[in-house]
Amino acid sequence: MVKDYVSSEPQKLDQEFPEFSIPLSLWLVMTFALVFILVGGYLFNFYIEQRGVERFEFQTRVLKNAISDRMRAYEQVLRGGLGLFMSSTNGVTRAEWRHYVSNARLDEFYPGIQGMGYSQFLTQEQVVPEEQAIRAEGFPDYKVHPEGERALYLAIVYLEPFDWRNRRAFGYDMYSEPIRRKAIDRAVATGEAAVSGRITLVQETGQDQQAGFLMYLPLFTESKNGQRQAKGMVYAPFRMNNLMEGIIGDRFSALQLEIYDGEQADESQLMYRSNPRPPEIYHNNEAVLTIGGHQWLLVTRSTGSFVSATESLQRALLLAFGGLFWVLLFYFLYHNAKARFKESLLAQELLANEERFRLVIEASPSALVIVNHDGVMTLVNAHAERLFKYSRDEMLGQGVNMLLPSAQRSNHSHYMAEYFCHPIAKNMSSRDDLYGQCSDGSLVAVEVGLTPLMFSNGPAVLATINDISQRKQVELEKAQHTAELERINSELDSFAYIASHDLKSPLRGIEQLSDWLAEDLADNASDTVQKYLRLIRSRVQRMELLLEGLLTFSRIGRVDAQLVMTDSAQLVREVFSLVNVQPTYHLAIVTELPQFVTARVPLELVFRNLLSNAIKHHDKDSGVINVSCSEQHDFYCFCVEDDGPGIPTQFHEKVFAIFQTLRPRDEVEGSGLGLSLVRKCVESLGGSIWLVSEGRGSRFYFTWPKNLKEFHK
């Protein structure tokens, strides 16, 4: 029946799919996407509007600063005129004043200012003589006005340019008007520039009348007793519209500006309005500007949103792309859900169709054999044919025992019957005595996995068979290599020990002979002989250190160290007291050092070499060695820092090489193994070591596992 089934054509079924309905999860995703798009659009729109507000506020600040800067410039012009009076010993003549104002070129460099003048304080007794003096200068119509008796006058004496408009103010007593008088008194009291409130200039006619104001700077004289007394005022009149047009120009066309005298937006105190108030206001700002001790209220408004065309386009594109993304997402998710629905139906069909199951078996990379409850092979794949060297027709319908070695065939039927009584998925890869027999009688090492199956005609078992001959060969070679390495390491240990012992014996003899020679030649005054004797003993000691270092170097990483509770701070102190033979060197433990269970002996070796090198290679008679520690995940990072001569960058790697020293051994005694021992010891435990040295001082960092047990696992 199985043969007929395998050779039969796949059945073609007309599958009618049930009606598809959109799942709830799709609607939830689409709702979340819509909320995300709307929130993102709102946030982006809010961001653009905030950018517009920031641009409006920036323009407002620039406008305020422009007005303030221009008024400071005008103040400097007045101070120049004041300096002219103060530097003149005989007073400033009318011609000199005209020459100064003409050179200032007010119309070119200071648009908005009506002129510059000088007014003089007069008492009632001084008015008539002053009028006569000015009439004598060629101004027969000059008269201090308005008429009336007052205790103090401030009459305009000089005013340039002396055009038809400014002549209307010639002789005007500014102290007679309360608003002007308030600014004049403030200027006298403070000695600084003072700006008046909103006024109508005397220069105004009935046409194009504008609000105006004046700026005053006082001129003082000192009396004999050292007291200052106001002599007059250097001042400048301003027409507000002309002034603002000179400041604003075309730079602030997007702003509508209103300036009020004082701190309140009172229509009666309006000094300037750039254009009619817009019916729709996007942004509004009020700011108080203090000029010459007087406050103006600057009200700025915008008729636009200050959002650039690019940003508006970006906003529209964001909404468009957001909507397009939502539609595309719905299209994708809808068709994906529909495809998954169809796939689920096809999967059910696939599970029910044994022909497709056979195709899966055929595509497997392992040899697969299906055996029924009678032990007969009902299905095999191409890998089984290649493994056992039988054709498919030779295996199908035959007992599975033909694939077993002859010695195992008699018992296999019994094992198979027991398995079908309790069929479970079973992996037999733990056994190393499984072999299959090929058609040519050769045996192949295999691992077998069993999976129970249930078909319409009864239970069956799927045997997954893999050829592990190559893996066994690799394992055998690996075991041989491991044994060879262990033998070599053992011989290396023996050689290192024997070499160390055998070489030390003649060295001790040489050392003893040198001691005898030193005793016999103690009375010999030859410096050369004594030098050579010292050199012999030095070379013998160096050779002993080298042998000890080589023995230690060969054993690092291959001898398990005992793990004990170690107080690293105490360990550092003990090692330092051992290697420090000069009391002028000091140890400083900068940070708290850990207490932990570790291999104390290797850690002591590392600290001993680092601390010894720090002292031995120091270029001064005294120094400080700092030891600190920090945590880095599963490691402690120790640092040994000295204040010695430092190590150039090009030698940072060389110092860790075996038999390498940076100074001649006749200057600093050493074997050249210290830092190579340290590196090998640290790296054998999974740590690392590195050097940092720039200029004087060197810092050796090394990492040490917090838990050596976990590390070895």
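For the structure, see preceding data.
This is a predicted model, so every value here is computed, not measured.

What counts and how
- Residues numbered from 1 in each chain as written.
- Predicted model: local features only at pLDDT ≥ 70, side-chain atom pairs only at ≥ 80, totals over all residues.
- Heavy atoms only, no water.
- Helix = DSSP H or I, 4+ residues; strand = E, 2+ residues; numbered from the N terminus.
- Buried < 20%, exposed > 50% of the residue type's maximum accessible area, 1.4 Å probe, protein only.
- Contact = heavy atoms within 4.5 Å.
- Areas by Shrake-Rupley, 256 points an atom, 1.4 Å probe, with all protein chains shown as cover.
- Phe/Tyr/Trp six-rings, centres within 6.5 Å; stacked < 30°, edge-to-face > 60°.
- Lys NZ or Arg CZ within 6 Å of the ring centre and 35° of its normal.
- Salt bridge = Lys/Arg side-chain N within 4 Å of Asp/Glu carboxyl O.
- Pairing = 2+ DSSP bridges.
- Axes fitted to C-alpha atoms, helices over the stretch in contact; angles between N-to-C directions.
- Polar contact = N/O pair within 3.5 Å; in protein donor to acceptor, adjacent residues only side chain to side chain.
- Expected span 1.5 Å × (residues − 1).
- Arc of directions from axis to C-beta.

**Student:** Any chance you could explain the overall build of the chain here in plain terms?
**Tutor:** Along its length, the chain carries 19 helices and 22 strands. Here the chain, with 713 residues, has 38% of them falling under the buried criterion. Restricting to contacts in the chain with at least 6 residues of sequence separation, those with at least 24 account for 63%. Surface summary for the chain: the accessible area is close to 41,000 Å², and the carbon and sulfur share equals 54%.

**Student:** Even after reading the chapter, I still don't get the packing of aromatic side chains, so can you show me in this structure?
**Tutor:** By the definition in use, this model includes 27 aromatic pairs. Measuring from centroid to centroid gives 6.1 Å for F330 and Y334, while their planes differ by 20°, and the two rings are stacked. Taken as a pair, F330 and Y334 lie in helix α9 (residues 309–352) at a separation of 4 residues, close to a single helical turn. For F330, a relative accessible area of 24% translates into the label partly exposed. Using a relative accessible area of 24% as the deciding quantity, one classes Y334 as partly exposed. Here the aromatic cluster, defined as three or more aromatic residues joined through ring pairs, consists of F596, F607, Y636, F638, F702 and W704. Its end group placed over the ring of Y175, R181 keeps NZ or CZ at 5.9 Å from the ring centre.

**Student:** Would you take a moment to explain the pattern of salt bridges for this structure?
**Tutor:** Throughout the structure, instances matching the rule amount to 25 salt bridges. The partner of E192 in a salt bridge is R79, with the nearest N and O atoms 2.9 Å apart. A residue pair is termed long-range when its members are at least 10 positions apart, and E192 in the loop between α7 (178–190) and β3 (194–195) and R79 in helix α2 (residues 24–87) qualify at 113 residues. One network of salt bridges, in which partners are shared, links E258, E267, R273, R277 and R301.

**Student:** Quick question: what am I supposed to make of the sheet that holds strand β20 (residues 635–642) here?
**Tutor:** Sheet strands line up and pair through hydrogen bonds in the backbone, either parallel or antiparallel. Strand order in this open sheet of 5 strands is β17-β19-β20-β22-β21, and the pairing throughout is mixed. Of all the strands in the sheet, just β17 (585–589) and β21 (689–692) have a single pairing partner and so form its edges. Within this sheet the neighbouring strands show an average axis-to-axis angle of 20°, counted without direction. In terms of strand pairing, β17 meets strand β19 (residues 623–632) through 5 bridges, oriented parallel. Residue pairing for β19: I589 is matched across the bridge by V627. Packed onto the sheet, helix α16 (residues 568–579) meets β17, β19 and β20 and runs at close to 175° relative to β17.

**Student:** I'm lost on the environment of S622 in this one. Help?
**Tutor:** The topology assignment puts S622 in the loop between α17 (600–616) and β19. For S622, a relative accessible area of 40% puts it in the partly exposed group. On a C-alpha basis, the gap between S622 and T584 in space is 4.7 Å, while along the polypeptide they are 38 residues apart. Apart from the residues lying within four places of it in its own chain, the contact partners of S622 are T584 and Y585.

**Student:** What am I meant to see in the side chain of T566 here?
**Tutor:** Secondary-structure assignment places T566 in strand β16 (residues 563–567). Among the polar contacts listed, one links the side chain of T566 to the backbone oxygen of V564, at a separation of 3.2 Å. T566 has contacts with L571, P594, Q595, F596, T598, R600 and L603, leaving out every residue within four places of it along the chain.

**Student:** Could you clarify how one ought to interpret unusual backbone geometry in this entry?
**Tutor:** Keep in mind that most residues, glycine aside, have a negative phi and that most peptide bonds are trans. Between H145 and P146 the backbone carries a cis peptide bond, its omega angle lying at 5°. Tracing the sequence through the fold places P146 in the loop between α5 (124–136) and β2 (152–160).

**Student:** Just checking my understanding: could you explain α16 for this structure?
**Tutor:** Since one α-helical turn is 3.6 residues long, residues separated by three or four positions face the same way. Here α16 is 12 residues long and its end C-alpha atoms lie 16 Å apart, about the 16 Å a rise of 1.5 Å per residue gives. Of all the positions in α16, only S568, A569, L571, V572, V575, F576 and V579 are classed as buried. An end-on view of α16 places all buried positions within 160° of arc, on one side of the element. Looking at α16, the residues exposed on the side facing more than 90 degrees away from the buried face are S577 and L578. The backbone nitrogen of A569 lies 3.2 Å from a side-chain oxygen of the residue at the head of α16, namely D567.

**Student:** Which parts of the structure should I look at to understand the pairing of strand β10 (residues 367–372)?
**Tutor:** On any regular strand, side chains alternate: one points to one face of the sheet, the next to the other face. Summarising burial for β10: 6 of the 6 residues are buried, a large majority. Where β10 lies against strand β15 (residues 458–467), 6 bridges are found, and the strand directions are antiparallel. Note on β15: the bridge partner recorded for I370 is L462.

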